[in-house]
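Structural features, examined
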Amino acid sequence: MFRFAQNMVKKVVPYDRSARFDEIQIETTSVCNRSCHFCPNSVSPPASSRMPSALFRKIADELENMGYSGNIALYLRNEPFMDKSLHKNVRLIRDKCPNSYIYIASNGDLVTVEKLIQVFDAGISSVALSAYDGKEQAAAFHALAKKFVSKYPSVDYVSGRRDIHDHTKKYIWVTSYTDDPENFFNRAGTVSVHAELKKPLPLMCTLPFNQLCITATGEVALCCADWYAEAGLGNVNDHSLLDIWFSPEFISYRDSLSNFDRSKHLCDKCTHKLQDLPSILLKSYF
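Below you will find a few notes about this structure.

Rules of the game
Residues numbered from 1 in each chain as written. Predicted model: local features only at pLDDT ≥ 70, side-chain atom pairs only at ≥ 80, totals over all residues. Heavy atoms only, no water. Helix = DSSP H or I, 4+ residues; strand = E, 2+ residues; numbered from the N terminus. Buried < 20%, exposed > 50% of the residue type's maximum accessible area, 1.4 Å probe, protein only. Contact = heavy atoms within 4.5 Å. Areas by Shrake-Rupley, 256 points an atom, 1.4 Å probe, with all protein chains shown as cover. Lys, Arg positive; Asp, Glu negative; His and termini not counted. Charge placed at Lys NZ, Arg CZ, Asp CG, Glu CD. Salt bridge = Lys/Arg side-chain N within 4 Å of Asp/Glu carboxyl O. Core = buried A, V, L, I, M, F, W, Y, C linked by side-chain atoms within 4.5 Å.

A separate point is the overall build of the protein chain. On a plain count of helices and strands, the protein chain comes out with 9 helices and 8 strands. The principal-axis extent of the C-alpha atoms belonging to the protein chain is close to 55 × 45 × 35 Å. The buried share of the protein chain, taken over its 286 residues, is 51%. Taking all contacts inside the protein chain whose residues are at least 6 apart in sequence as the whole, residues at least 24 apart take part in 72%. With an accessible surface of roughly 13800 Å², the protein chain has 51% of that area assigned to carbon and sulfur atoms. The centroid of the 33 positive side-chain charges in the protein chain is displaced by 3 Å from the centroid of its 32 negative side-chain charges.

Shown next as structure tokens:
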């Protein structure tokens, strides 16, 4: 409650309008092999598409020209191992951005020791295996990770992201999920993990301030919750990464959120950071 009150007293969070993104998510294929209840793919999956190699190279070249050294995730709405060229893309982006932390999170269904060796050889920094099906699956993923590390000892097997303190090292871990709604959010109203909001939450959201998300067709999403790239921010086939990042449309979202204003499209229905709202206020919003 105290943290919420502190934020509301501020009324506005100042931010550097000249700051660039330090996290980019690049979806090389839109396909996922699962249809989890907490994911918009269970409601209406995006059309199947694969990012053309020329577009991926364009993005990589732009990052290289920027001297980019931030985080790079090679997935967005998809299962990364559905892309048979994953290791090739890892190698290219590693060559272009040698100081970046490159990572993926996988549902684990398609993962083998051999595939892990392939992506780590190519230069990936970490792989997270997400166990959604209970303790037995989690145990199987832990066994897989341990087997891989026994063959590839330069990768650290850790308990989770919180144990990563050195981005020059390589990591693998397993994350176990339960059906607790607190583990998920409604992705701007596309999935029903919470009741429908009566009005926008009075909360700040940092995602559009540091995260650039690109779909397989090149559309830029507002954040990882903009599942169908509805914000209308542009396409990297037609514009540069920085032109889109500093576009009036993107800045408008950041300006609103810096004022704790979630009234704009997508933000108005989103429950991201719901846990920051004091429980005493929940009835006013649901």
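Read on for the rest.
Right, let's get into the pattern of salt bridges. Counting across every chain of the model gives 9 salt bridges. Residue Asp 109 is joined to Arg 34 by a salt bridge in which the shortest nitrogen-to-oxygen separation is 2.7 Å. Of the two residues, Asp 109 sits in the loop between β3 (101–106) and α4 (113–122) while Arg 34 sits in the loop between β1 (23–26) and α2 (53–66), which places them 75 residues apart along the sequence. Relative accessible area serves as the criterion here: at 36%, Asp 109 is assigned to the partly exposed category. Members of the salt-bridge network, linked through shared partners, are Arg 34, Asp 109 and Asp 133.

Okay, unusual backbone geometry next. Most of the time, phi is negative for any residue but glycine, and the peptide bond is trans. With phi around 50°, Ala 229 is a residue other than glycine that occupies positive phi space. By relative accessible area, which is 16% here, Ala 229 ends up buried. A positive phi is found at Leu 266, a non-glycine position, where the angle reads about 85°. Checked against the element boundaries, Leu 266 lands in the loop between α8 (248–258) and α9 (282–285).

As for its position among the elements, Lys 115 is in helix α4. Through-space distance from the C-alpha of Lys 115 to that of Ser 126 is 13 Å; in sequence the pair is 11 residues apart. Look past the residues within four positions of Lys 115 in its chain and what remains in contact with it is Phe 81 and Leu 110.

Further remarks concern the nonpolar core. Residues Ile 24, Ile 59, Leu 63, Ile 72 and Leu 74 are the most contacted members of the largest nonpolar core, which totals 81 residues. Every residue in contact with Leu 63, bar those within four places of it in the chain, is listed here: Phe 21, Ile 24, Tyr 68, Ile 72, Ile 93, Cys 97 and Leu 241. The next biggest cluster of nonpolar side chains, apart from the first, holds 7 residues, and it includes Phe 38, Cys 39, Phe 184 and Val 191.

The values are spatial; any link to function lies outside them.
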